[in-house]
Amino acid sequence: MNFTVGFKPLLGDAHSMDNLEKQLICPICLEMFSKPVVILPCQHNLCRKCANDVFQASNPLWQSRGSTTVSSGGRFRCPSCRHEVVLDRHGVYGLQRNLLVENIIDIYKQESSRPLNSKAEQHLMCEEHEDEKINIYCLSCEVPTCSLCKVFGAHKDCEVAPLPTIYKRQKSELSDGIAMLVAGNDRVQAVITQMEEVCQTIEDNSRRQKQLLNQRFETLCAVLEERKGELLQALAKEQEEKLQRVRGLIRQYGDHLEASSKLVESAIQSMEEPQMALYLQQAKELINKVGTMSKVELAGRPEPGYESMEQFTVSVEHVAEMLRTIDFQPGASGEEEDEEVVLDGEEGSAAPEEERLDRADSTGLH
């Protein structure tokens, strides 16, 4: 059903007043702002009573002004823009009054009280009965209508009620619904904030555990590097000992070869002596030296396989398999693990060197 405004000559002025009135409507109670009007930090306005209702709904544990307990304040969200409003211990009574809006309301009420601009004369007219005002509400069809429609028209068999009664009832229901919706939105926002905090906590905890994990593996790598250095040192020591022995034999054989070569050269020169008497003076000594030199026994050569270093082979397969089994321990506390590591380190520092080497030998050196 369509309706028309009953005083068309004043349509322009009425339209301006309607636009002004819309700007003076509280988004909570849907009524014109009542004094005092408070201005939120986001520059939106609310009736102080409505602001207090929303604040109380969002902060059920907040104490009122009359309470002897000093509250630490609270917060709620603006119903117009969802901006978070943080209040001190004074609650909504600490918000600044919007005197400009209050003055505009006073001026609007004065202008609207004039006969030509009286809202009381602005009635919607029935489209079917142009001279009849819309003054009742059809409960069956859930539409406003006029008295003639109830008596003679399409709503004669319907149940009706006075228009002001239904108007007040539905306005009250809508206001209550808005308050509940605003409170529900605040609860949802609180849950979202809580989940965002959970996400931040997850990131912080993950970052911390990553650091601990890196420290554990760095410690493990340090142990492996230390043991590798010890094994390399043992291998280098064995290499040096064997080289010293072989090189000593080389020098001994070299010295014998050099002496023998010189003796052979001297014997050959003596054999070339043409004078028999002179030759015989030197021959006896040379014969004794050659005999002695030929009977000199040199140190034995290294036994077969002496050059082999196979005894320094390390078996790491079982250690590698054990490292692959490293996994997270559910329920383990990082702080407790840190304390255990510190205690182990203190005990290890006092352990004899032989015990540390024995533990290192268990890695498979043979």
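Residues numbered from 1 in each chain as written. Predicted model: local features only at pLDDT ≥ 70, side-chain atom pairs only at ≥ 80, totals over all residues. Heavy atoms only, no water.

Under an unreviewed UniProt entry, the protein chain has the name Tripartite motif-containing protein 54 and belongs to Orycteropus afer afer.

In spatial order, the strands read S9-S8-S10; together these three strands make up an open sheet with antiparallel pairing. Only two strands of the sheet have a single partner each, and these edge strands are strand S9 (143-145) and strand S10 (160-162). On average, adjacent strands in this sheet sit at an angle of 35° to one another, irrespective of strand direction. The pairing of strand S8 (residues 136-138) with S9 spans three bridges and is antiparallel. Directly across from Cys138, in S9, lies its bridge partner Val143. Strands S8, S9 and S10 of the sheet are contacted by helix H5 (residues 163-271), whose axis makes an angle of about 85° with S10. (Pairing = 2+ DSSP bridges. Helix = DSSP H or I, 4+ residues; strand = E, 2+ residues; numbered from the N terminus. Axes fitted to C-alpha atoms, helices over the stretch in contact; angles between N-to-C directions. Contact = heavy atoms within 4.5 Å.)

Let us now look at the nonpolar core. Core analysis: the biggest nonpolar cluster contains 27 residues, and Cys26, Ile28, Phe33, Leu40, Leu46 and Phe76 have the highest contact counts within it. With residues up to four places along the chain from it excluded, the contact list for Ile28 reads Leu46, Cys50, Val54, Pro79, Ser175, Ile178 and Val182. (Core = buried A, V, L, I, M, F, W, Y, C linked by side-chain atoms within 4.5 Å. Buried < 20%, exposed > 50% of the residue type's maximum accessible area, 1.4 Å probe, protein only.)

This part is about the pattern of salt bridges. Two side chains carrying opposite charge are able to pair once their charged atoms lie near each other. Summed over all chains, the structure comprises 12 salt bridges. Glu31 is the salt-bridge partner of Lys171, the closest N and O atoms lying 3.4 Å from each other. Here the residue Lys171 occupies a position in helix H5, and Glu31 occupies one in the loop between helix H1 (11-23) and strand S2 (37-39), the gap between them amounting to 140 residues. Exposure remark for Lys171: the relative accessible area of 19% places this residue in the buried category. Since its relative accessible area comes to 38%, Glu31 is described here as partly exposed. The closest approach of N and O atoms between Asp204 and Arg207, which form a salt bridge, is 3.0 Å. Here Asp204 pairs with Arg207, and both are found in helix H5, just three residues apart, close to one helical turn. Asp204 gets classed as partly exposed once you look at its relative accessible area, which sits at 33%. Residue class for Arg207 comes out partly exposed when judged on its relative accessible area of 43%. (Salt bridge = Lys/Arg side-chain N within 4 Å of Asp/Glu carboxyl O.)

Below, the discussion takes up the confidence of the model for the protein chain. Summary statistics for the protein chain give a mean pLDDT of 77 and a share of 79% for residues scoring 70 or more. pLDDT under 50 marks residues 339-357. Its contacts with residues more than four places away, or in other chains, come to four contacts. Across residues 359-366, where pLDDT falls below 50, the model places 21 contacts with residues more than four positions away in sequence or in other chains. (pLDDT = per-residue confidence, 0-100.)

Together, Glu127, Glu128, Glu130 and Asp131 make up a negatively charged patch on the protein surface. Within the fold, Asp131 resides in the loop between strand S7 (124-126) and S8. Owing to a relative accessible area of 71%, Asp131 belongs among the exposed residues under this scheme. (Patch = residues over 30% accessible without salt bridge, like charges linked within 9 Å, V, L, I, M, F, W, Y side chains within 5 Å. Areas by Shrake-Rupley, 256 points an atom, 1.4 Å probe, with all protein chains shown as cover. Lys, Arg positive; Asp, Glu negative; His and termini not counted. Charge placed at Lys NZ, Arg CZ, Asp CG, Glu CD.)

Here we take up the sheet that holds strand S6 (residues 96-97). Each strand in a sheet pairs with its neighbour through backbone hydrogen bonds, running either in the same direction (parallel) or in the opposite one (antiparallel). Pairing in this open sheet of three strands is antiparallel, and the strands run S3-S2-S6 from one edge to the other. Two strands in the sheet have a free side with no partner beyond their single neighbour: strand S3 (45-47) and S6. With respect to the sheet, helix H3 (residues 99-112) is in contact with S2, S3 and S6, its orientation differing from that of S2 by roughly 145°.

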